[in-house]
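Close look at the chain arrangement
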Amino acid sequence: MSGNGPEGLEVPEARDMEALGAALALCLRGGERIYLEGVLGAGKTTLVRGLLRALGWQEAVRSPTYTLVESYALEAFPLHHFDLYRLADPSELEYLGVREYFSPPAVCLVEWPAHGARELPPADLRLELEVTGNGRVVYRRQASDRGQSLWDCLIQNLRKVRNLQCE
Ligand SMILES: Nc1ncnc2c1ncn2[C@@H]1O[C@H](COP(=O)(O)OP(=O)(O)OP(=O)(O)O)[C@@H](O)[C@H]1O
Ligand SMILES: [Mg+2]
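Calculation criteria
- Residues numbered from 1 in each chain as written.
- Chains lettered and ligands numbered in written order.
- Predicted model: local features only at pLDDT ≥ 70, side-chain atom pairs only at ≥ 80, totals over all residues.
- Core = buried A, V, L, I, M, F, W, Y, C linked by C-beta atoms within 7 Å.
- Buried ≥ 20, exposed ≤ 12 C-beta atoms within 10 Å, placed from the backbone.
- Helix = DSSP H or I, 4+ residues; strand = E, 2+ residues; numbered from the N terminus.
- Contact = placed C-beta atoms within 7 Å.
- Pairing = 2+ DSSP bridges.
- Near = placed C-beta within 6 Å.
- Nonpolar A, V, L, I, M, F, W, Y, C, P; charged D, E, K, R; others polar.

Digging into the nonpolar core
With 35 residues, the main nonpolar core has Leu-20, Ala-23, Ile-34, Leu-36, Leu-51, Leu-109 and Val-110 as its most contacted residues. Within the residue set of this core, elements represented by two or more residues are β2 (8-11), α1 (14-25), β3 (33-37), α2 (44-54), β5 (78-83), β6 (107-111), β7 (125-132) and α5 (145-166). Sorting elements by how many residues they give to this core places α1 first, with seven residues. If near-sequence neighbours (up to four positions away) are discounted, Leu-109 is found in contact with Ile-34, Leu-36, Val-48 and His-81.

Written as structure tokens, this is what we have:
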């Protein structure tokens, strides 16, 4: 995994995407909102799987494609993983009780956030996963101050992992 320009991270394989998720997991303190964009099969759920594994979740990590949300009672904080691909209308989020889900210290990760439109609160960090041949590139698309710190922390953690591998 390597840097690709100022904001892009090259992610050659699925296990590297899991490693990226794990590196991001170490930066979470509770209350973060991270939105994941990218086409079907871009690797959004793979990233979340790596993130959950790093936070100690040992059971299955299922894609919330049909359930819209899967929730995890982690030791550190609750984590909600949304996939809004099948949301027919953004207003459905209100019936789902989206405000409750987004209450700190819960961490929320959202796939297909555009389908939730304005019913979703603003993201701290918005990542775009782009498919490039067999690999992926992850771009930081938008970030609040908190999101920028998250991104910086993610990069630092990835560097540490790379250094370890080189030793
Ligand atoms: N570099 C890579 N990073 C992530 N996934 C990869 C990579 N290379 C191949 N893959 C494969 O691509 C697929 C990604 O699937 P995943 O379910 O994570 O995508 P998704 O973005 O969540 O899709 P959807 O929008 O349908 O939910 C997996 O089968 C994974 O093994
Ligand atoms: Mg998915």
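This is not the end of the story, as more comes after the structure.
Description of the pairing of β5
Sheet topology places strand β4 (residues 69-73) next to β5; five bridges connect them, and they run antiparallel. Pairing of Ser-71 across the sheet is with His-80, part of β5. Where β5 meets β6, five bridges bridge the pair, whose relative direction is parallel. Its bridge partner lying in β6, His-81 is registered against Leu-109.

Concerning the site of ligand 1
Ala-14, Gly-43, Lys-44, Thr-45 and Thr-46 are the nearest of the 20 residues found near ligand 1. For the shell around ligand 1, the secondary-structure elements that each account for two or more residues are α1, α2 and β8 (135-143). Considering only residue class, the shell around ligand 1 consists of seven nonpolar, seven polar and six charged.

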